[in-house]
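Each chain, letter by letter, is given below.
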Amino acid sequence: MRKDVRILLVGEPKVGKTSLIMSLVSEEFPDVVPYRAEEITIPADVTPERVPTHIVDYSEAEQTDEQLFQEISKANVICIVYSVNNKKSIEKVTSHWIPLITENTDKDSRVPLILVGNKSDLVEHSSMETILPIMNQYSEIETCVECSAKNLKNISELFYYAQKAVLHPTGPLYCPEKKDMKPLCVKALTRIFKVSDLDNDGILNDNELNFFQRTCFNTPLEPQALEDVKNVVRKNLNDGVCDNGLTLKGFLFLHTLFIQRGRHETTWTVLRRFGYDDDLELNQDYLFPPLKIPPDCTTELNHNAYLFLQSIFDKHDKDRDCALSPEELRDLFDVFPYMPWGPDVNNTVCTNDQGWITYQGYLSQWTLTTYLDVQRCLEYLGYLGYSIIAEQESQASGITVTRDKKIDLQKKQTQRSVFRCNVFGDIGSGKSGFLQAFLGRDLMRQKMIRDEHRSYYAISTTYVYGQEKYLLLHEVFPDFDYLSDADMACDIVCLIYDVSNPYSFEYCAKVFKQYFMDSKTPCMMIAAKSDLPEIKQMYGCSPLEFCRRHKMPPPQSFTCNTAAAPSRDIYTKLATMAMYPHARLRCMCTCNRCTFCLCQNFLNSELLQTVRAKLYAVVLRRHVSQADLKSSTFWLRASVGATVFAVLGFTMYRVLLKPR
């Protein structure tokens, strides 16, 4: 909504412009009328639309043409006043005033006009027969009002209509010649219908209509009122109601009816609630709500946003195969002004055997967008109607801004769920294959990817000690001379070399030494194409020795040339290192068979936790009296408990170590 409304009154001398303003203010006809009334401001609390209103008078005797042109350019609505008993003043409306206003206003920002026939008390007939052809000729004319400043007839109504012409203009909504809504209005209302159709069956049932009514007007419809609305549509439109629900045609018909009956404010209330401005474009404030992101912080979707996106997926997955076919994906994005996801998305996230984006892939792509470009994510959520359907203040409420990574390192724990891994390697080292293998694609499937559909990102979920986390892989272009801050900003670095290329490792070693040797970012070396014969690397030391010198884990063998889907163990290791960069992980596997994994599982087992809790309860009771502290029995129990706990732990360690 506008912050204020500026109304300008123009017209020939002696038609009563100043009298109208003074009669409105004083509620009586003035005995003495000045050449021009001073600009007055009506406070918001006394106007019907609750918007401050400025009323400006014009006097040919006191103002120059230049001053008039300035006032015309500042006005939100212009009232052209004529005298109903003066034909010359009526003729001047079309011969002088409308052309003058048109010349001094921007063609793209149309100013609504209101024709005001004053001095109706002096004649017995109406001037409407003369005025109606003028209204039909000029679409910018909103309405015509006949009034009398002397009798105070329609004075308040005149300024109400002027306010309404600005706040609820007819022009963007309706074409009088065609007697139908304009295409932009139809497009906006169609999007609103589809957003409100929560089950995507093409019909607004009673529950959906009531939700729509509460959303827009803060009150539900009574059952009888709801039935009356549907009966009106049934009488005028054969296919406006189906299965006792309102179809899109019925929905559009209702709004056409509102506009034709002068209830533009109903349609405008709906449009503005769903984010549209006066030009029927989605407002920038609606699409891009403020969101403060401090340095070294990342952005993630929160639980409410994921629930909303899940409901959108379920709404459009009509065949319930947990994947979106191309048709279902187009239907989902039909409320967007453009298709946001290109063919590269299918190579960024998990797909099924047909190449359709799966449920997991769908959520992964949203996670990727939120992490890399949160403003675009806010825009996309706005198109889907997140703030309306989820009943939130704005899309920003669906975003979590993580705390500074430095604090995570200090506290040695993190609440983040998305971790970024930048993948470095020389040309042909296997970076793209490494990314695609994360999505479950072997070498044969990777060869089917077209170059123009290639993606430099891959994102999916993996588990770190039982917690589901998103791992985002980013392939960095191998330009050794220049690496941007974005190339180095990550949670873990992956350095890939080709075991069959003797010069491949040298690139990884140089990148590490120049950019990451002194950083706190953990690094992992990947020996790619391990299915091929390994050739000695032409470097000063072997990859294994290099990793040992720089306190890195040993090179991890990897290949995507497998009969089944490539192993995901390496990605779990990467996510683990990214989540716990401070930890020196002696074991880099998740096999649950080696000594390290068995010890970890035992220490985290419910049995050991129960035993430890009972020992604590016996040995270190919370309420120890002074008498207990002096008692030898108390200290004996404490000593025995500590000994038992130590022996039990040492015995379990020896038992687990023996198979190794």
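All of these numbers come straight from a predicted model, not from anything done at the bench.

**Student:** So what exactly am I meant to see when it comes to the overall build of the protein here?
**Tutor:** A count of helices and strands for the protein gives 27 helices and 21 strands. By the burial criterion, 48% of the 660 residues in the protein qualify as buried. Carbon and sulfur atoms make up 52% of the accessible area of the protein, which totals about 34,600 Å².

**Student:** Help me understand the UniProt feature "domain: EF-hand" (unreviewed entry) in the protein, please; the structure alone is not making it clear to me.
**Tutor:** If you check UniProt for "domain: EF-hand" (unreviewed entry), the listed places come out as residues 304-339 in our numbering. Secondary structure content for residues 304-339 is 56% helix and 6% strand, while the C-alpha to C-alpha distance between its ends is 24 Å.

**Student:** What should I look at first to understand the side chain of Glu12 in this one?
**Tutor:** Residue position: Glu12 is located in the loop between β1 (5-11) and α1 (17-26). We note that Glu12 is buried and unpaired, the nearest opposite charge coming from Lys92 at a distance of 4.6 Å. A polar contact of 2.9 Å, which involves the side chain of Glu12, links it to the side chain of Trp97. Discounting chain neighbours no more than four positions away, the residues touching Glu12 are Lys17, Val81, Ser89, Lys92, His96 and Trp97.

**Student:** Looking at this structure, how should I read the nonpolar core?
**Tutor:** If you look at soluble globular proteins, the nonpolar side chains tend to sit buried side by side. Ranked by size, the top nonpolar core spans 69 residues in total, and within it Tyr362 and Trp366 carry the most contacts. By size, the runner-up hydrophobic cluster in this structure holds 28 residues, among which are Leu473, Cys494, Leu574 and Ala575.

**Student:** Help me understand the environment of Leu532, please; the structure alone is not making it clear to me.
**Tutor:** As for its placement among the helices and strands, Leu532 is situated in the loop between β20 (523-528) and α22 (543-549). Spatially, the C-alpha atoms of Leu532 and Asn501 are 10.0 Å apart, while their sequence positions differ by 31 residues. Residues contacting Leu532, with those up to four places away along its chain left out, are Val499 and Ser500.

**Student:** Help me out: how do you make sense of the state of the cysteines in this one?
**Tutor:** What we call a disulfide is simply a covalent bond connecting the sulfur atoms of a pair of cysteines. A full pass over the atoms with the stated rule returns 0 disulfides. The closest cysteine sulfur to the non-disulfide-bonded Cys523 is located on Cys490, 7.7 Å from its own sulfur.

**Student:** Just to check I follow, could you spell out the confidence of the model for the protein for this structure?
**Tutor:** For any part of a model where pLDDT is low, the fine detail of the predicted coordinates should not be relied upon. The share of residues in the protein with pLDDT of 70 or more is 89%, and the mean pLDDT across the chain is 88. Within the protein, helix α14 (residues 359-372) carries the highest mean pLDDT (98), whereas helix α26 (residues 626-630) carries the lowest (53).

**Student:** How should I be thinking about helix α23 (residues 569-579) in this particular structure?
**Tutor:** Within an α-helix, residues lying three or four positions from one another point in the same direction, as the helix has 3.6 residues per turn. Counting buried residues in α23 gives 10 out of 11 residues, a clear majority hidden from the surface. Buried within α23 are the following residues: Ile570, Tyr571, Thr572, Lys573, Leu574, Ala575, Thr576, Met577, Ala578 and Met579.

**Student:** Looking at this model, I keep getting lost on the packing of helix α2 (residues 65-74) against helix α3 (residues 87-103). Mind explaining?
**Tutor:** Between two packed helices, the angle of one axis relative to the other and the distance separating the axes together describe the packing. In contact at an axis separation of 9 Å, α2 and α3 are set at 70° when each is read in the N-to-C sense. Relative to α3, the element α2 lies roughly perpendicular. Here α2 and α3 pass one another in a crossing that is right-handed. Residues Leu68, Phe69 and Ile72 of α2 form the contact with α3, whose participating residues are Trp97, Leu100 and Ile101.

**Student:** How should I be thinking about the packing of helix α9 (residues 248-260) against helix α10 (residues 264-273) in this particular structure?
**Tutor:** Two elements in contact, α9 and α10, have axes whose closest approach is 7 Å; the angle formed by their N-to-C orientations is 130°. Classified by the interaxial angle, the pair formed by α9 and α10 is oblique. Mapping the contact onto sequence places His255, Phe258 and Ile259 in α9 and His264, Thr266, Thr267 and Val270 in α10. Split by residue class, the contact of α9 with α10 holds 3 nonpolar, 4 polar and no charged.

**Student:** Please clarify how helix α8 (residues 223-236) should be interpreted in this entry.
**Tutor:** With 14 residues, α8 extends 21 Å from end C-alpha to end C-alpha; this agrees with the ideal 20 Å at 1.5 Å per step. Taken as a whole, α8 has its buried residues at Leu226, Lys230 and Val233. The arc enclosing the buried residues of α8, seen along the axis, measures out at 55°, which places them on a common side. Facing away from the buried surface of α8 by more than 90 degrees, the exposed residues are Gln224 and Lys235. Looking at the buried positions of α8, the neighbouring elements they touch are α7 (206-217), β10 (241-242), β11 (245-247) and α9.

**Student:** Quick question: what am I supposed to make of the side chain of Glu379 here?
**Tutor:** Structurally, Glu379 can be placed in helix α15 (residues 374-384). No salt bridge is formed by the buried Glu379; the nearest opposite charge belongs to Arg376, separated by 5.2 Å. Residues within four places of Glu379 in sequence aside, it is in contact with Leu287, Phe288 and Tyr338.

**Student:** Could you clarify how one ought to interpret the pattern of salt bridges in this entry?
**Tutor:** Side chains bearing opposite charge may pair, as long as their charged atoms lie close to each other. For the coordinates displayed, the defined rule picks out 24 salt bridges. Arg6 is the partner of Glu71 in a salt bridge, and the nearest nitrogen-oxygen pair spans 3.3 Å. Taken together, the residues Glu71 in helix α2 and Arg6 in strand β1 connect sequence positions 65 residues apart. Its relative accessible area of 13% is what places Glu71 among the buried residues. A salt bridge links Asp206 to Lys230; the nearest nitrogen and oxygen atoms lie 2.7 Å apart. Of this pair, Asp206 sits in helix α7 while Lys230 sits in helix α8, placing them 24 residues apart in sequence. Residue classification places Asp206 among the partly exposed residues on the basis of a relative accessible area of 29%. Among the residues examined, Lys230 registers a relative accessible area of 1% and is labelled buried.

**Student:** Sorry, what's going on with the packing of aromatic side chains here?
**Tutor:** How two aromatic rings sit relative to each other is set out by the distance from centre to centre and by the angle between their planes. Tallied over the full model, the rule gives 29 aromatic pairs. Relative to Tyr161, the ring of Tyr160 lies with its centre 5.7 Å away and its plane at 50°, an arrangement referred to as tilted. Put simply, the rings of Phe313, Phe333, Phe336, Tyr338, Trp341, Tyr359, Tyr362, Trp366, Tyr380 and Tyr383 touch in pairs and so form one group of aromatic residues.

**Student:** What is the right way to look at the sheet that holds strand β9 (residues 203-204) in this model?
**Tutor:** Whether parallel or antiparallel, the strands of a sheet pair through hydrogen bonds between backbone atoms. With respect to topology, 3 strands assemble into an open sheet ordered β9-β11-β10, the strand pairing being antiparallel. Edge positions in the open sheet fall to β9 and β10, since each of these has one partner strand only. As paired elements, β10 and β11 share 2 bridges and run antiparallel to each other. Among the inter-strand pairings, Cys242 is bridged to a residue of β11, identified as Gly245.

**Student:** Would you mind going over the pairing of strand β16 (residues 418-425) with me for this structure?
**Tutor:** Strand residues, when the strand is regular, have side chains that alternate between the two faces of the sheet. Of all 8 residues in β16, 8 are buried; the element is thus mostly enclosed. Across the two faces of β16 the burial is the same, with Val418, Arg420, Asn422 and Phe424 and Phe419, Cys421, Val423 and Gly425 all buried. Looking at chain direction, β16 and strand β18 (residues 467-475) are connected through 6 bridges and run parallel. What sits directly across from Cys421, in β18, is Leu473.

What counts, and at which threshold
- Along each chain, residue indices are assigned from 1 in the same order as the chain's sequence is written.
- Two thresholds apply to this predicted model, a pLDDT of at least 70 for residue-level local features and 80 or more for giving and counting side-chain atom pairs, whereas whole-chain, interface and lining totals are computed over all residues.
- The side-chain values count all of the structure's non-hydrogen atoms but skip hydrogen atoms and water molecules.
- The secondary structure listing takes helices from DSSP runs of H or I that are at least 4 residues long and strands from runs of E that are at least 2 residues long, numbered from the N terminus.
- Exposed residues in this analysis have more than 50% of their type's maximum accessible area, buried residues have under 20%, and partly exposed residues fall in between, with area computed by a 1.4 Å probe over protein chains only.
- The Shrake-Rupley method, run with a 1.4 Å probe, gives the accessible areas here. Residue values count only the displayed protein chains as cover.
- UniProt positions are given in the numbering used here, feature names are shortened, and annotations may be inferred rather than shown by experiment.
- The charged-residue count follows a simple rule in which Lys and Arg add positive charge and Asp and Glu add negative charge, with His and chain termini not counted at all.
- Criterion for a salt bridge: a side-chain nitrogen of Lys or Arg within 4 Å of a carboxyl oxygen of Asp or Glu.
- Counted as a polar contact is a pair of N or O atoms within 3.5 Å, where, for protein atoms, one must be capable of donating a hydrogen and the other of accepting one, and residues adjacent in sequence contribute only when both atoms are in side chains.
- Residue contacts are defined here by distance: any two heavy atoms, one from each residue, within 4.5 Å place the two residues in contact.
- As used in this record, nonpolar core signifies buried Ala, Val, Leu, Ile, Met, Phe, Trp, Tyr and Cys residues forming a set joined through side-chain atoms within 4.5 Å.
- Only a pair of cysteine sulfur atoms within 2.5 Å qualifies as a disulfide here.
- Per residue, pLDDT measures the predictor's confidence, with a range of 0 to 100.
- Axis lines are fitted to C-alpha atoms, over the contacting stretch for helices. Their N-to-C directions set the angle, which ranges from 0 to 180 degrees.
- Roughly parallel covers angles under 35 degrees, roughly antiparallel covers those over 145, roughly perpendicular covers 65 to 115, and oblique covers all other angles.
- The handedness criterion is simple: a crossing whose near helix is rotated anticlockwise from the far helix by less than a right angle is left-handed, and one whose near helix is rotated clockwise is right-handed.
- Ten residue types, Ala, Val, Leu, Ile, Met, Phe, Trp, Tyr, Cys and Pro, are classed as nonpolar, four, Asp, Glu, Lys and Arg, as charged, and the remainder, Gly among them, as polar.
- Given a helix with a known number of residues, its expected span is that number minus one, times 1.5 Å.
- This arc corresponds to the set of directions leading from the helix axis out to the C-beta atoms.
- Aromatic pairing here means that ring centres of Phe, Tyr or Trp (its six-membered ring) are within 6.5 Å. Orientation follows from the plane angle: under 30 degrees is stacked, over 60 is edge-to-face, and everything else is tilted.
- Two strands make a pair as long as DSSP finds a minimum of two bridges between them.

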